[in-house]
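# Breakdown of the fold
The residues making up each chain are set out below.
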Amino acid sequence: MKRLLILLFFLLPTFALAGEAQDMAADPVLEKRMVGLAEKLRCLVCQNESLASSHAELAEDLRREVRELMQKGMSDQEILDYLVSRYGDFVLYDPPMKKTTLVLWYGPFALLLLGAGVLFLQLRKRKSEIAEPQLTEEQSARAAVLLAERQDSQTQPKDTQA
Amino acid sequence: MMRFILPFVVFVVLAVFLFVGLNLNPREVPSPLIGKPAPAFVLPQLHEPQKNFSPADMKGKVWLLNVWASWCVSCREEHPVLMGLAQQNIVPIYGLDYKDSSAEAERWLQKGGDPYVLSVTDTEGRIGIDYGVYGVPETYVIDKQGVIRYKQIGPVTPDNLREKILPMVAELQAK
């Protein structure tokens, strides 16, 4: 019996905290800060929703947790670290830069560079493929005639226009 | 010839990536708690609420912490597997009754059988948050030093019991 009383005594602060947390929900400044932070966090139950918009029970619990941590005076960064240490980087919508996420962050740029490189090489190759064809004397004579004819036909309409 | 090989190789690489991606389960989020000490708690026991249980009581033993609830549908699926495991006396299973009403939890254990040495009640889900619980059932393998070695997200099945959990338990018990 005595033990039970002692236990109840120690449980008192938890009940007190729960009561306070509900009061804090009425505090619009803290609520706004909580929602702002919760928008950066992923709900783990419904993975494409943020913690702010999710109605899953876990999301509600986590919002309560965030609210209480803010009330304890923890900074936003400290709260993020607190959640990451429990749920992993997956709770963050913005994945942090580290060894395992390098591909995620730089992969698209690497692919872009690769694409640009391939394009450049292809263009250069094509340029070298369109080499001046070697003409026989007869062919170049014909080409000269054709070119001369074309020049005539091009200059004539220009004259009439002018 | 190169004209055809290169696109083909690119296609195969892409297909392999997509195929592997198709078989990954996005629900299985790797837990950052693996290799870390199991978060401490003191919670009242389900059957005898005047008594407490803490992971610290389990120092020197390999044990399983199974997060369950009477409202959890997948827990019904894993329940017979846990019952079978409990009968074999290989490793003690402790339950964390997560966000549940004690009356309903007791009724469910009476009806379906109780595979747990004991269960503790986490009515508000606060300890669940410390353990990174996001989908009940979840099962943690905890070693003699109180370090979490493995986390099974979703039901324990005969397959993952045989392939992952039991070998892990045997290895940890031998240490």
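Description of the structure in this document. In this text, all values refer to a predicted model and were calculated from it rather than measured experimentally. (Residues numbered from 1 in each chain as written. Chains lettered and ligands numbered in written order. Predicted model: local features only at pLDDT ≥ 70, side-chain atom pairs only at ≥ 80, totals over all residues.)

### Details of the pairing of strand β5 (residues 118-122) of chain B
Residues and elements named next belong to chain B. Let me state the cut-off plainly: Here exposure depends only on C-beta density: within 10 Å of a residue's C-beta, 20 or more other C-beta atoms make it buried, 12 or fewer make it exposed, and intermediate numbers make it partly exposed, the C-beta atoms being placed from the backbone. Helix and strand definitions follow DSSP, with helices as H or I runs of at least four residues and strands as E runs of at least two, each counted in order from the N terminus. Whether two strands pair comes down to DSSP finding at least two bridges between them. Think of it like this: strands point away, you trace from the first strand over the helix to the second, and a clockwise trace means the crossover is right-handed.
Extensive coverage of β5 is indicated by the burial of four of its five residues. In this structure, strand β4 (residues 93-98) lies alongside β5, joined through five bridges in parallel fashion. Looking at β5, one finds that Y94 is bridged to L118. With helix α3 (residues 102-112) bridging β4 and its parallel neighbour β5, the resulting β-α-β unit is right-handed.

### Observations regarding helix α5 (residues 102-129) of chain A
All names here are of chain A. Put simply, the rule reads: What a helix should span is 1.5 Å times the count of its residues minus one. Throughout, bend refers to the angle between the axes fitted to the seven residues that end at a position and the seven residues that start at it.
Here α5 spans 39 Å end to end across 28 residues, near enough to the 40 Å set by a 1.5 Å rise per residue. Within α5, the axis deviates most sharply at P108, by approximately 30 degrees. For α5, a buried count of zero out of 28 residues is recorded, marking the element as mostly open to its surroundings.

### What to know about the pairing of β4 of chain B
Residues and elements named next belong to chain B. Where burial is concerned, most of β4 is hidden: six out of the six residues are buried. Where strand β3 (residues 63-68) lies against β4, five bridges are found, and the strand directions are parallel. Its bridge partner lying in β4, W68 is registered against D97. Handedness of the crossover is the feature at issue here: the chain leaves β3, passes through helix α2 (residues 73-88), returns alongside β4, and the resulting connection is right-handed.

### Some points on the sheet that holds strand β6 (residues 138-142) of chain B
Across a sheet, paired strands are connected by hydrogen bonds in the backbone, their directions being either parallel or antiparallel. Residue and element names in this part refer to chain B. This is how the line gets drawn: In this analysis an axis means a line fitted to C-alpha atoms, helices contributing only their contacting stretch, and an angle means the value between N-to-C directions, from 0 to 180 degrees.
Pairing in this open sheet of five strands is mixed, and the strands run β5-β4-β3-β6-β7 from one edge to the other. Strand pairing shows two members of the sheet lacking a second neighbour, β5 and β7 (148-153), which therefore form its edges. Between one strand axis and the next, the sheet turns by 20 degrees as a mean value, whatever way the strands run. When β6 meets β7, the two strands line up antiparallel, connected through five bridges. Paired with T139 across the two strands is Q152, which belongs to β7.

Remember that the coordinates give geometry; whether it matters functionally is a separate question.
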